[in-house]
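# Report on the structure
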Amino acid sequence: MIIQRLLAACCMLLLALLLLPASLSAQEKIISGKITDSKDGSPVTGASVVPKGSGNVTSSGQDGSYRLIISGSAKVLAFSSVGYINQEIDIGEQTVINVVLAPSNIDLFIGGRAIPWEYGKPARSFLLQNDGAGKFIDVTAAMLPGIDPGFVTAAVWYDLNKDGYTDLLLCSEWGGIVAYINNKGSYIKKMLTEKKGWWNFLLPVDIDQDGDIDQDGDIDLVAGNLGLNSRLKASPEQPVRLYYNDFDDNGKKEQVLSYYVQGKEIPFASKADLDKQLPGLVKKKFLMGEKFASATMEELFTADKLKSAVLLTADYFSNAILINDGKLNFRVQSLPWEAQLSCYRDAVVVEANGDSLPDLLLGGNFYENTIEMGRYDADYGLLLLNRGKGNFECATLNGLAIKGQVRHIRPVKLKQETAYILARNNDSTRVIRFRKPGHRSP
């Protein structure tokens, strides 16, 4: 009898141990749904979904859908997106929660890039707050103290740290990539990379998902730059520089671009161009083109002029991705060499091969260069397949050539399929779509 009781007790203990993992997993559940605009029912892309009391967070995809795993301690889901009123919903027993967000009074950020006829002089940026009555109030000094002025090429509102508050991401020419983290209404500056480039755009996306089924990873960035198919080569040791000063004392400041050739810093402009820009100054010192060709910046201009000039520097020209380590520390990783053949101006996430990892479609080119620089026209539409862990592989568009200077790419719904509108400078727009998963060709 005693042995039977002991055996029974052991069986009960073993059964409890076997059931324990199931009871723990029962504390978690999957929540999914779709977030739409209250005005027209269109999907809200990039909206933050934050379960209060849980570490898992996510954002809505291009079709407005989201999916995440929450713990039993999470009772409320908080939804937020720039331009919309935040909303909180009790989870209860629900597993599908569709949300309709109402537009709010939209504030406005205006990034200063350049002052006409005075390139090199920083232009001011503005943060304008909507008072709800049709007026905008300049709150830049109060909310964005110490913002770097000028040369802003792109600005993106996005909840980078997944705290339910929308942050401001900026990239620029002659600068790094910076985030102004929204601390419940005040903004704290954080450099995402100190690499100074001629950055063109930023695309937030969870690149390095590592197979997470709920896609709740940290947000990474795709960043367009000049590329590496150019006469201009830049590195921290041998950067490209722009000097902005009144070199010929005529009361007007000029720009002189320099780069390194065989270890010497020389002007990029030809002797003929500098003669036009600085009449008499270069011609007096260098009558012969041969001597000018080997002249350094110090031999062309006085030390005082170079020292007193506004100095802009670029030391990194690769098109790149910035991988987030989860603590807002970003590792810059150059894209494959096929993505370095031109300057890229925009990108969009696509599903090209049905593996659930976000692939990238990029567009760019720039034709209005000087003869010495040569036009950037080597991009015919670039598809990058995501192979996981931050690795991308270039794939063809099955014979499709997207010519021209692509400036923007946006998704659009055509019946039940997603297509992409490509806006090209001085050209017509173009619409492409991808076939069903398993086929790469658009």
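Placed above this text is the structure.
Residues numbered from 1 in each chain as written. Predicted model: local features only at pLDDT ≥ 70, side-chain atom pairs only at ≥ 80, totals over all residues. Heavy atoms only, no water.

### Looking at the nonpolar core
Threshold: Definition used in this section: a nonpolar core is a set of buried Ala, Val, Leu, Ile, Met, Phe, Trp, Tyr and Cys residues joined via side-chain atoms within 4.5 Å. The buried label applies to any residue whose accessible area, calculated with a 1.4 Å probe on protein chains only, is under 20% of its type's maximum; exposed applies above 50%, and partly exposed to all values in between. The way it works is that DSSP assigns letters per residue, a run of H or I at least four long becomes a helix, a run of E at least two long becomes a strand, and they are numbered from the N terminus. By definition in these notes, contact holds between two residues if any of their heavy atoms fall within 4.5 Å.
Ranked by internal contacts, the top residues of the largest apolar core, which has 20 residues, are L160, L169, I177, L192, L202, L322 and F330. Elements with a contribution of two residues or more to this core: β11 (152-158), β12 (167-183), β15 (220-224) and β20 (320-324). Per-element tally for this core: the top contributor is β12, with five residues. Ignoring anything within four residues of it in the chain, the contact list for F330 reads L160, L192, I219, D220, L221, L322, I323 and N324.

### Some details on the environment of Q94
Structurally, the position occupied by Q94 is in the loop between β6 (87-90) and β7 (99-101). Look at Q94 and you get partly exposed, because its relative accessible area is 35%. C-alpha of Q94 to C-alpha of I30: the two residues are 64 residues apart in sequence and 9.6 Å apart in space. If we ignore the near neighbours within four places in the chain, the residues touching Q94 are K29, I31 and I89.

### A closer look at the side chain of N319
Its place among the elements puts N319 in the loop between β19 (310-314) and β20. In this view, N319 contacts A223, G224, N225, G227, S334, L335, A339, Q340, S342 and Y344; residues no more than four positions away in its chain are not counted.

### Here we look at unusual backbone geometry
One non-glycine residue with positive phi stands out, namely W174, at about 65°. Take W174: it is sitting in strand β12. With a phi close to 90°, N365 is a non-glycine residue in the positive phi region. Within the element layout of this structure, N365 appears in the loop between β23 (359-364) and β24 (382-388).

### What about the sheet that holds strand β2 (residues 48-52)?
Worth spelling out the cut-off: When DSSP finds two or more bridges between two strands, those strands count as paired.
In space, the four strands of this open sheet follow the order β3-β2-β5-β6, with antiparallel pairing throughout. In the strand order of this sheet, the two ends are held by β3 (58-59) and β6, each with one partner. Pairing between β2 and β3: two bridges, direction antiparallel. If you follow S48 over to β3, its bridge partner there is S59.

### Overview of the pattern of salt bridges
Stated precisely, the cut-off is as follows: Here, a salt bridge means any side-chain nitrogen of Lys or Arg that lies within 4 Å of a carboxyl oxygen of Asp or Glu.
Summed over the entire model, instances satisfying the criterion amount to 11 salt bridges. The shortest N-O distance in the salt bridge between D249 and K305 comes to 2.6 Å. Residue D249 is found in the loop between β16 (240-245) and β17 (254-261), and its partner K305 is found in helix α7 (residues 303-308); the two are separated by 56 residues along the sequence. By relative accessible area, which is 18% here, K305 ends up buried. Across the pair R433 and E417 runs a salt bridge, and its minimum N-O distance is 3.3 Å.

### Regarding the side chain of N200
Secondary-structure assignment places N200 in the loop between β13 (186-198) and β14 (201-205). Ignoring anything within four residues of it in the chain, the contact list for N200 reads T153, A154, C171, G224, N225, L226, C343, Y344 and R345.

### Points about the layout of surface pockets
For clarity, the threshold we go by: A cavity here means a set of points on a 1 Å grid, drawn over the protein atoms and nothing else, where a 1.4 Å probe fits but cannot get out; a pocket is an open set with protein on both sides within 12 Å along at least five of seven lines, and a residue lines either one if it has an atom within 4 Å of a point. Grid points are joined across faces, edges and corners, and a volume is the space filled by probe spheres set on the points. The nonpolar class holds Ala, Val, Leu, Ile, Met, Phe, Trp, Tyr, Cys and Pro. Asp, Glu, Lys and Arg form the charged class, and all remaining residues, Gly among them, are polar.
Its boundaries defined by the atoms lining it, the second largest pocket holds a volume of some 870 Å³. Lining of the second largest pocket is provided by 26 residues; of these, Y119, W198, L257, N369 and M373 occupy positions nearest its centre. Going through the elements one at a time, β12, β17 and α3 (271-277) are the ones with two or more residues in the lining of the second largest pocket. Class assignment for the residues of the lining of the second largest pocket results in 14 nonpolar, six polar and six charged.

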